[in-house]
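Next come the chains, spelled out residue by residue.
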Amino acid sequence: MKAVGLYKALPSAHPEALVDREIPTPVPGALDLLVRVEAIAVNPADYRVRGQKADDGQFVILGWDVAGTVLSTGPGVSSAFRPGDAVYYAGDLTRPGANSEFHVVDSRLVGHRPRTLSAAEAAAVPLTALTAWEALFDRIGFSRTDKPRWQTLLIVGGAGGVGSMAIQLAKLIPGLRVIATASRPESQAWCRSLGADAVIDHFGDLRQQLADLVLPQIDAILILNDSDRHFPALAEILAPQGTLCSVVPFKTAPDINSIMRKSATLVWEFMFTRSMFATADMGAQRDILNTVAELIDAGQIKSAATHDLGLIHAANLRAAHGRLESQRTIGKLTLTGF
Ligand SMILES: NC(=O)c1ccc[n+]([C@@H]2O[C@H](COP(=O)([O-])OP(=O)(O)OC[C@H]3O[C@@H](n4cnc5c(N)ncnc54)[C@H](OP(=O)(O)O)[C@@H]3O)[C@@H](O)[C@H]2O)c1
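Residues numbered from 1 in each chain as written. Predicted model: local features only at pLDDT ≥ 70, side-chain atom pairs only at ≥ 80, totals over all residues.

I keep staring at the overall build of the protein chain and nothing clicks. Help me out?
Regarding its fold elements, the protein chain presents 10 helices and 16 strands. A compact globule built from 338 residues should have a C-alpha radius of gyration of about 20 Å, and the protein chain, at 20 Å, falls within 12% of that. Seen through its principal axes, the protein chain has C-alpha atoms that stretch 60 × 45 × 35 Å. Across the 338 residues of the protein chain, 48% fall into the buried class. A separation of at least 24 residues holds for 70% of the contacts in the protein chain among residues at least 6 apart in sequence. (Helix = DSSP H or I, 4+ residues; strand = E, 2+ residues; numbered from the N terminus. Rg over C-alpha atoms; globule rule 2.2 N^0.38 Å. Buried ≥ 20, exposed ≤ 12 C-beta atoms within 10 Å, placed from the backbone. Contact = placed C-beta atoms within 7 Å.)

And the structure:
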């Protein structure tokens, strides 16, 4: 089968940063699906893993956002999946990625993809929807149905892939006021189009901009970018007993004592935790993806796909990595077909 991968870490503009290869088609294990990959999306995880690749001669395949069709199922897979099913998933960071014609994935991580989306639009959804969903509902503790636990949510980095899903999912929480950050007119307009009640600039004075909105404090904060830069201001903005959830690690340990007097909570979200540790509830990702597909088909949220870069091959993927590394993309970049 065709596959795109790398042997060693190189800048995305280097012609060997990602290369095309022919490799054997993988064989599904007991709980796996063998999937024909129709479209993929790129994520910062791709260029992070690329940048950390050891120069050990091993060929590594990246790619953790897939829309495809089930070709066969392992002997232990539930009857929920049959050959021909249209599926989407993010998969497992500890297994080969999906930048290949065929891919095997643990069926517990896979959802049936939205009927109303193209393959590319569907591929843009799983990783960011899972991250946003787990952050809002599993980590911060919002409920989609009950009276909101809090009144205000600030999403730092609203126009990126995760922010685009987080804004939309947060707007499903009854009565929650959602403020997003974005720094450019086009990224600010994108956040508003997804439902953000207000947009402020993450390169400006966050406290002052919130004060201008008569919002001196925020109940819950989701950090999707540049946690080192933003944490000191966010620690001041956070309401007493509030929760701050980050999906990005700090390069330097933050002063977490600064939120002690507020009895505040700092909580992490890492979308690959459930698959990486094979947690007892890893099937929750299948359920989340199926629910997200229902929400999309019901018109309640939409795919954040903004640009398809064409066929899945090394040159197009190198271009996709380069664009993503600029940290100026809006929504999601996808590639379709081999
Ligand atoms: N823990 C997890 O499970 C998990 C899952 C997914 C992603 N992540 C991480 O979360 C981060 C965001 O992922 P993503 O897919 O949303 O990335 P992305 O799509 O590449 O994000 C691009 C956006 O980042 C914004 N941005 C750039 N610099 C910023 C800054 N200093 N402060 C705030 N926002 C800034 C830009 O907005 P403007 O153009 O408006 O400036 C741009 O729209 C990445 O670091 C990724 O590795 C973690």
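Still more to cover.
What is the right way to look at unusual backbone geometry in this model?
Trans is the prevailing form of peptide bonds, just as negative phi is the prevailing case for residues other than glycine. Phi is positive for Asp-226, which is not a glycine, with a value near 50°. Counting through the fold element by element, Asp-226 comes out in the loop between β12 (218–223) and α7 (227–237). Its identity as a non-glycine residue notwithstanding, Ala-278 has a phi of 45°, on the positive side. Note on Ala-278: 11 C-beta atoms within 10 Å, which makes it exposed.

Sorry, what's going on with the environment of Leu-109 here?
Looking at the element boundaries, Leu-109 is found in the loop between β7 (102–106) and β8 (110–112). Put simply, Leu-109 and Gly-283 are 174 residues apart on the chain and 6.0 Å apart in space, counted from C-alpha to C-alpha. Apart from the residues lying within four places of it in its own chain, the contact partners of Leu-109 are Tyr-89, Gly-91, Asp-92, Ser-275, Met-282, Gln-285 and Arg-286.

It is not clear to me how the site of the ligand should be interpreted in this structure. Could you clarify?
Near the ligand lie 33 residues; those nearest to it are Pro-44, Gly-160, Gly-161, Ser-187 and Met-271. Of all the elements in the fold, those that place two or more residues in the shell around the ligand are α1 (44–51), α3 (126–140) and α4 (161–170). For the shell around the ligand, the class distribution of residues is 14 nonpolar, 14 polar and 5 charged. No fewer than three residues from each of domain 1 (2–125 + 273–336) and domain 2 (128–268) sit in the shell around the ligand. (Near = placed C-beta within 6 Å. Nonpolar A, V, L, I, M, F, W, Y, C, P; charged D, E, K, R; others polar. Domains from an automatic or database assignment.)

Looking at this structure, how should I read the pairing of strand β16 (residues 332–336)?
Looking along a regular strand, one sees the side chains alternate between the two faces of the sheet. Of all 5 residues making up β16, 5 are buried, and the element is well covered by its neighbours. Of the two faces of β16, both are covered, the one formed by Lys-332, Thr-334 and Thr-336 as well as the one formed by Leu-333 and Leu-335. Where strand β3 (residues 32–41) and β16 come together, 3 bridges link them in antiparallel fashion. Opposite Ile-40, over in β16, you have Leu-335 as the bridge partner. (Pairing = 2+ DSSP bridges.)

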